[in-house]
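An overview of the molecular structure
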Amino acid sequence: MPELKKVLCTAYTSDAAKDELRKALEPAEVIFDTFIDREAIARDIQGCDAAILNGDLDDSILADPELRWVHCCRAGVEKSARPEVFERGIILTSSA
């Protein structure tokens, strides 16, 4: 996968874990939103090539045409494994 430029993270993380994630994803810009703030997610997903989600993938995340990778912080991805994910060639991973 080419270098990541911008990543949206809605996973619940401590400040220390946020710092570690920023370092691991350098030089990408990492934006942290809460999963319940749908307006912030719809705004911040624009231009992201990756998303690390606390919940399932939804239309607001898929609205970003640059999205190439989605990681769901749970074991199952049945609700996130939508046809458009595969049609667009988006990589879908989970914490299984």
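Residues numbered from 1 in each chain as written. Predicted model: local features only at pLDDT ≥ 70, side-chain atom pairs only at ≥ 80, totals over all residues. Heavy atoms only, no water.

A few points about the overall build of the chain
The number of helices and strands found in the chain is 4 helices and 5 strands. Taken from the N to the C terminus, the helices and strands of the chain come in the order β-α-β-α-β-α-β-α-β. Relative to the globule expectation of 12 Å for 96 residues, the C-alpha radius of gyration of the chain, 12 Å, shows essentially globular dimensions. Referenced to the eigenvectors of the C-alpha coordinate spread, the extents of the chain come out at roughly 35 × 30 × 25 Å. Within the structure as shown, the chain displays about 5400 Å² of accessible surface, and the carbon and sulfur contribution to it stands at 53%. (Helix = DSSP H or I, 4+ residues; strand = E, 2+ residues; numbered from the N terminus. Rg over C-alpha atoms; globule rule 2.2 N^0.38 Å. Areas by Shrake-Rupley, 256 points an atom, 1.4 Å probe, with all protein chains shown as cover.)

Some remarks on the pairing of strand E1 (residues 6–9)
Every second residue of E1 is oriented toward a common face, with Lys6 and Leu8 on one face and Val7 and Cys9 on the other, all of them buried. Pairing of E1 with strand E2 (residues 29–32) involves 4 bridges; the strand directions are parallel. Each bridged residue has a counterpart across the sheet, and for Val7 the counterpart in E2 is Val30. Crossover E1 to E2 through helix H1 (residues 15–24) is right-handed. Two strands pair when backbone bridges link them, and E1 and strand E3 (residues 50–53) are joined in this way by 3 bridges, in the parallel orientation. Pairing of Val7 across the sheet is with Ala50, part of E3. (Buried < 20%, exposed > 50% of the residue type's maximum accessible area, 1.4 Å probe, protein only. Pairing = 2+ DSSP bridges. Right-handed = clockwise from strand over helix to strand, strands pointing away.)

Some remarks on the sheet that holds E3
The strand order E2-E1-E3-E4-E5 describes an open sheet built from 5 strands, whose pairing is parallel. At either end of the open sheet lies a strand with only one pairing partner, and these are E2 and strand E5 (91–94). For this sheet, the mean inter-axis angle between neighbouring strands, taken without regard to orientation, is 15 degrees. Note that strand E4 (residues 69–72) and E5 share 4 bridges and pair parallel. The residue of E5 that forms the bridge with His71 is Thr93. Strand contacts of H1: E1, E2 and E3, with the helix running at about 150 degrees to E2, the strand carrying the most contacts. (Axes fitted to C-alpha atoms, helices over the stretch in contact; angles between N-to-C directions. Contact = heavy atoms within 4.5 Å.)

Description of the nonpolar core
Membership of the largest hydrophobic core comes to 16 residues, with the highest contact counts inside it found for Leu8, Ile45, Leu57, Ile61, Leu67 and Val70. For this core, the elements supplying multiple residues, two or more each, are E3, helix H3 (59–62) and E4. Formed by 10 residues, the second largest nonpolar core is a distinct cluster that contains Leu4, Leu25, Val30 and Ile52. (Core = buried A, V, L, I, M, F, W, Y, C linked by side-chain atoms within 4.5 Å.)

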